[in-house]
There are 2 protein chains.
Amino acid sequence: MVVNLRLPALTSLFTTSFSNRYPVFVRRSQQLRRPVFSSSFSAQSTVTKTEDRVDGQRNRVQDRAVTPRSQDFNAWYLDVIDSAELADYGPVRGTMVIRPYGYAIWEAIQDYLNVKFKETGHSNMYFPQFIPYSFIEKEASHVEGFSPELALVTIGGGKELEEKLVVRPTSETIVNHMFTQWIHSYRDLPLMINQWANVTRWEMRTKPFVRTLEFLWQEGHTAHATPEEAEKEAMQMIDVYTKFAYEQAAIPVIAGRKSKVETFAGAVRTYTIEAMMGDRKALQAGTSHNLGQNFSCAFGTQFTDENGQRQHVWQTSWAISTRFVGGIIMTHGDDTGLMLPPRIAPIQVVIVPIWKKDDDKAVVLDAASSVKKVLQTAGIKVKLDDTDQRTPGWKFNFWEMKGVPLRIEIGPRDVSSQSVVISRRDVPGKQGKVFGVSMEPLSLEAYVKDKLDEIQSSLLGRATSFRDSSIVDVTSYEELKVAISEGKWARGPWSASDADELKVKEETGATIRCFPFEQPQGVKTCLMTGNPAEEVAIFAKSY
Amino acid sequence: MVVNLRLPALTSLFTTSFSNRYPVFVRRSQQLRRPVFSSSFSAQSTVTKTEDRVDGQRNRVQDRAVTPRSQDFNAWYLDVIDSAELADYGPVRGTMVIRPYGYAIWEAIQDYLNVKFKETGHSNMYFPQFIPYSFIEKEASHVEGFSPELALVTIGGGKELEEKLVVRPTSETIVNHMFTQWIHSYRDLPLMINQWANVTRWEMRTKPFVRTLEFLWQEGHTAHATPEEAEKEAMQMIDVYTKFAYEQAAIPVIAGRKSKVETFAGAVRTYTIEAMMGDRKALQAGTSHNLGQNFSCAFGTQFTDENGQRQHVWQTSWAISTRFVGGIIMTHGDDTGLMLPPRIAPIQVVIVPIWKKDDDKAVVLDAASSVKKVLQTAGIKVKLDDTDQRTPGWKFNFWEMKGVPLRIEIGPRDVSSQSVVISRRDVPGKQGKVFGVSMEPLSLEAYVKDKLDEIQSSLLGRATSFRDSSIVDVTSYEELKVAISEGKWARGPWSASDADELKVKEETGATIRCFPFEQPQGVKTCLMTGNPAEEVAIFAKSY
């Protein structure tokens, strides 16, 4: 089944008080299918353009199809990004324009994490994005990991530069250069900072949000006097990310430790949160690195300890990026389009007023405005779609496609009975629709808040069930291969070599996503070698 | 007089609940004097380092001098940035690391403007920073203005790129490339967006905050159906900036129109807010451009109007950057250091507990904590400096240098009388000190809020008086030259040619800062030509 959506000349999205002057974004469906992007995402969907008349005006309207998720996951993903106006392609291969609706999701992520970072003792600051090339070369595994992906500035102010400048792919090197100047004694520690910034990695295969040439992220960097403190910090931050994923994004990530092969270039240990997307592929959604003394030794970042001895600091770094927006789309979306968890939805409730006779219009709009005011005052992000250029049915489809958690319908009869109709985005059709919800402010506010909480839990519950039913416990390489070939995640005891790990990747396409923190009890035998194993690992194909 | 400040191993700056694990930044005074920065700011101040003993521990302490402002304004500026830990130099010439205390001021600017931008109908989004070189060439005056300042990426992923990429110096070109794809009919207008981003301009003479190779800013971009709407928008946004400057930053900017010579490369008209720094030089603190159809013609950004005719859109762009932080420092600072307007101060009130006997310590700290809690609950940004590694006197100096508007002192006698001592940063010595302010929560809260308001007004009033006493009305070029040579601003009627304007610049070093919106009544005669003039212009030397 193809869901047809006739998109409007949007009159207003976020700003309700200025709705009549709000920008209108009309998109071209085919844009997100440009061949410059990864060839594996070249699925075609039916795109037609028609001319339509609205209010007697000649007006371009586009009929568009969101490819059903079950039919072609990647085509669906690109369609949703396009139709819900989350992003568009930039003019340079692999770059992305983050559009207001997509950016608002990123802002919700920022707002939450920014508070948590400050609560856990970090301050925001900003490092320059141009890094001398020589810095990147100082930490051996770091340069090996990043040099194939670098963008280099070679000309500045019309002149060839003496030293090429790297456009930051990550900031450990420049951070350490500065830390070396700021840190002198144990009294200067811990040093705990974060920056919100853009980063550049010259990726060959790109995909909106998931992997782009330039992306936005936060990167935390800390320095400590002891390895224990650094380890504690790295764990604390992966925990902040895990809580964010569960409680805000309703994504039941699996937190754990990366294998040596998959550890960040320059880290001693990398912790990760791994999310299962709707196609069962894994998405690395956030990482926290214990850097040990790798960078402090490379950059001479030392302090005088309490006994007067010079020591290199112990460090961490940790990051979450706009990739997470891709994770939200691919975790919760369905055939109808986007489905947003209430806590990160730019619009939590959309009100669609319904009238047929002109007589009814004023009274319905009046009631709709009152309801909007009630919810707005209660701190709920609400949008009243009062344009008369679209039918209510069209609006229903449109806001469902945009993933708005709750819809309130108000018609003349509802006004008479002082009630509204409320529909849940996550429960389609009549089952998700409740009639006769009282308009009485306190009661309505309580009802809506309750429903939003319910949707938030429901999305997490659904994603958790999906995840759990898609992880197979395996005890042998044969079982692992079967699980992976069925598109699932395989979990099994592992103590084999890096070479064995690479063999699994070559033969199955799956990698170790992590050794999860939550480990089963009991004696374990490595699925590959039959040797004793201390931990189970999770294998999966990934983005 | 040189104010000597012995700086601490700072134990905590912002995060009060985590003060014991807060990063410590120790700086090196000489850093902000590196020769890589503009040679005109090479003044030396006395920098000595000593080893000191604190609590029986060997600990590095730095004696440092903030050069008096009256002695050498530029040296003072760099000293304040260094001592107050606002910024440091990056490893690449002309780049700057914005440190937590400086970044917190930028965050205060962002928090205020972000709300105003949304209230006036704009949405945030994000455009890629890499712009194909060919884009920059499309608008003739734009390429002329920006091409000497470009940083170019020529290598990506190890390969020479086919087309050089410009690291954005501003985004009009890429914005228009995208607008052309999004805008079709008048229903798509107005299109009003903003982005918070980093930008790069390969400046030869740099100065922290004021002019750096890379800086942070917001850039608004809008498209409209009529020239009137675009003009209204450009004016609206310069008005937002003006209000921000007056009401938040306590900077009495003069808003007006730039001369043709000083208009933004690609704009039809540029509006500006011009601020007078403590050395009477002008700082262009924010601009709003009416771009007319210059970019829409260059990029073919057209819409179908209500009559079915194709038209190019009318556009604006407007920006404020981290340069504004420099403006705040140079407007309000004094010989003692930074002086921050309460509404943008990261710390509004610092509490310094005072005790001599160990018996008193607990009771004093207890009272100090209560006071902190009271103020924090009231939404005041408060810091309790409870370290016992520094004397109260040292703390007084330190927090004065950091520009904290109010200081609360609490000693054993104050606890007995249930009162505190409150000192204003903007009124030095005994005059700014009030004894016996009641600790009673409601009363204290009201008192502190009242004082903060008073300081806010007082800073604006002082800056306004300074500004007004430094602007000279001139009627001839001779008078203008005298005024400029005295370091003042000259205001006089002007209707002369661009050539005359450039002559003034060559002969006096002053440029037309703006034709102010507020114009005197009466007949005007051009100070240069004696011809009739419609407006007065303001001439000044500038940063």
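What counts as what
- Residues numbered from 1 in each chain as written.
- Chains lettered and ligands numbered in written order.
- Predicted model: local features only at pLDDT ≥ 70, side-chain atom pairs only at ≥ 80, totals over all residues.
- Heavy atoms only, no water.
- UniProt positions renumbered as here; feature names shortened; annotations may be inferred.
- Helix = DSSP H or I, 4+ residues; strand = E, 2+ residues; numbered from the N terminus.
- Buried < 20%, exposed > 50% of the residue type's maximum accessible area, 1.4 Å probe, protein only.
- Lys, Arg positive; Asp, Glu negative; His and termini not counted.
- Salt bridge = Lys/Arg side-chain N within 4 Å of Asp/Glu carboxyl O.
- Polar contact = N/O pair within 3.5 Å; in protein donor to acceptor, adjacent residues only side chain to side chain.
- Contact = heavy atoms within 4.5 Å.
- pLDDT = per-residue confidence, 0-100.
- Phe/Tyr/Trp six-rings, centres within 6.5 Å; stacked < 30°, edge-to-face > 60°.
- Lys NZ or Arg CZ within 6 Å of the ring centre and 35° of its normal.

The name that an unreviewed UniProt entry assigns to chain A is proline--tRNA ligase, with the source organism given as Ziziphus jujuba var. spinosa. The annotation that UniProt attaches to chain A under Catalytic activity (unreviewed entry) is "tRNA(Pro) + L-proline + ATP = L-prolyl-tRNA(Pro) + AMP + diphosphate".

Our focus in this paragraph is the side chain of Glu-139 of chain B. Residues and elements named next belong to chain B. Structurally, Glu-139 can be placed in the loop between α3 (133-136) and α4 (140-146). Despite its burial, Glu-139 pairs with no opposite charge; the closest candidate is Lys-138, at 13 Å N-O. Here His-142 takes part through its backbone nitrogen, which lies 2.9 Å from a polar atom of the side chain of Glu-139. Other than its neighbours up to four places away in sequence, Glu-139 contacts Gly-266, Asn-294, Phe-295 and Ala-298.

In this section: the environment of Pro-128 of chain A. By the element assignment, Pro-128 of chain A lies in the loop between β6 (123-124) and β7 (130-132). Among the residues examined, Pro-128 of chain A registers a relative accessible area of 1% and is labelled buried. Separated by 240 residues in the primary sequence, Pro-128 of chain A and Ala-368 of chain A have C-alpha atoms spaced 49 Å apart. Every residue in contact with Pro-128 of chain A, bar those within four places of it in the chain, is listed here: Arg-168 and Ile-174 of chain A together with Gly-90, Thr-95, Met-96, Val-97 and Glu-214 of chain B.

This paragraph deals with the confidence of the model for chain A. All names here are of chain A. Across chain A, pLDDT averages 89, with 88% of residues at or above 70. For the stretch residues 1-63, pLDDT sits under 50, and the model shows 207 contacts to residues farther than four places along the chain or on other chains. Prediction confidence for the complex, expressed as pTM and ipTM, is 0.89 and 0.89 respectively.

This brings us to the packing of aromatic side chains. As enumerated under the stated definition, the model contains 32 aromatic pairs over all chains in all. Arranged with centres 5.8 Å apart and planes meeting at 85 degrees, the rings of Phe-215 of chain B and Trp-217 of chain B form a pair that is edge-to-face. The pair formed by Phe-215 of chain B and Trp-217 of chain B is uniform in burial state, with each residue classed as buried. Taken together, the aromatic side chains of Trp-106, Phe-117, Trp-196 and Trp-318 of chain A make up a single cluster linked through ring pairs. Taking the ring centre of Tyr-101 of chain B as reference, the NZ or CZ of Lys-402 of chain B above it sits at 4.1 Å. The side chain of Arg-407 of chain B reaches across the aromatic face of Phe-396 of chain B, ending 3.8 Å from its centre.

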